[in-house]
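Each chain is listed here by its residues.
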Amino acid sequence: MSKDFSIEQKVMVDKQIKARGIKDKKVIDAMLNVERDIFISDREKDYSYEDGPLPIGYGQTISQPYIVAYMTEMLKLKGNERVLEIGTGSGYQTAILAEIVDHVFTVEIIEELGKKAENTLINIMNYSNISFKIENGRQGWLEFSPFDRIIITACPYEFPENLFDQLKENGIAVAPVGDYVQRLMRYRKLKGRIVKESLIGVSFVPLV
Ligand code: SAH
């Protein structure tokens, strides 16, 4: 039987998420519902609810819980959205989104990671509102566009502008940009124009 981390998880949500100002109840509930340890390898399991990123293989990481919660809150989700996620990674952020929204379309460039996340989310966690694709996410996912929201969980030097064509009017995109110095940015499409806002300093693996 696997270890029960429910106390660690609740402490994580109290100290790392609520205490740092995350208020959206949908985000808090999702962070309480999704067990992060499911996405963590046996070697790192005991650190599943610590305050930082962890390795998931192939030089990639599962994001810090707070960053996942913060980016999700910045998307201002109501629940009826179709969301494009670029950088499936472990699938943890994907699960948080799938708890809240109508459908998540997630793209991962490393096949092994994408397949593993798909197995975790579909076969172990039974989500039925996630579509997976192995490809360079810079193309977006034209077939299912436009999206209400776009989230990129790896860092491009500049936001890939072509993705704005796949964002609906009044849509929101959240992504890190930069290289050594990275900022989390939020973009809104208002009357066809993109209005951007710099949020916080972050540290992500690069977007290939
Ligand atoms: N939210 C994920 C973060 C994973 S790290 C989690 O919490 O687990 C970022 C992921 O983006 C990595 O898996 C990496 O392989 C992927 N990635 C990098 N460049 C990409 C690209 N151009 N298209 C799709 N995925 C990409």
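Look up a bit, the structure's there.
Everything numeric in this text was worked out from a predicted model, so none of it was measured.

Caption draft 1: Here's a closer look at the site of the ligand. Around the ligand there are 24 residues in total, and Ser-90, Glu-108, Asn-136, Gly-137 and Val-208 lie nearest to it. Ser-63 is positioned with one of its backbone polar atoms (N or O) 3.1 Å from an oxygen atom of the ligand. Contact between the ligand and Thr-153: a nitrogen atom at 3.4 Å from a side-chain N or O atom of the residue. If the ligand stood free it would expose 570 Å²; the protein chains cover 99% of that surface. Of all the cavities here, the one that holds the ligand is the largest pocket. At the level of secondary structure, the elements contributing two or more residues to the shell around the ligand comprise β2 (60-62) and β4 (103-108). Sort the elements by how many residues they give to the shell around the ligand and β2 lands first, with three residues.

Caption draft 2: How the structure looks around the layout of surface pockets. Volume-wise, the largest pocket comes out at about 500 Å³. Around the largest pocket, the lining is made up of 35 residues, and of these Thr-61, Thr-153, Ala-154, Phe-204 and Val-205 lie nearest the centre. Mapped by element, the contributors of at least two residues to the lining of the largest pocket are β2, α3 (65-74), β3 (82-86), α4 (92-100) and β4. Ranked by residues supplied to the lining of the largest pocket, first place goes to β2 with three residues. Partitioned by chemical class, the residues of the lining of the largest pocket number 18 nonpolar, 14 polar and three charged.

What counts as what
- Residues numbered from 1 in each chain as written.
- Predicted model: local features only at pLDDT ≥ 70, side-chain atom pairs only at ≥ 80, totals over all residues.
- Heavy atoms only, no water.
- Near = heavy atom within 4 Å.
- Polar contact = N/O pair within 3.5 Å; in protein donor to acceptor, adjacent residues only side chain to side chain.
- Areas by Shrake-Rupley, 256 points an atom, 1.4 Å probe, with all protein chains shown as cover.
- 1 Å grid on protein atoms, 1.4 Å probe; cavity = no way out; pocket = protein on both sides within 12 Å on 5 of 7 lines; lining within 4 Å.
- Sits in = over half its atoms within 2 Å of the grid points.
- Helix = DSSP H or I, 4+ residues; strand = E, 2+ residues; numbered from the N terminus.
- Points joined across faces, edges and corners; volume = space filled by probe spheres on them.
- Nonpolar A, V, L, I, M, F, W, Y, C, P; charged D, E, K, R; others polar.

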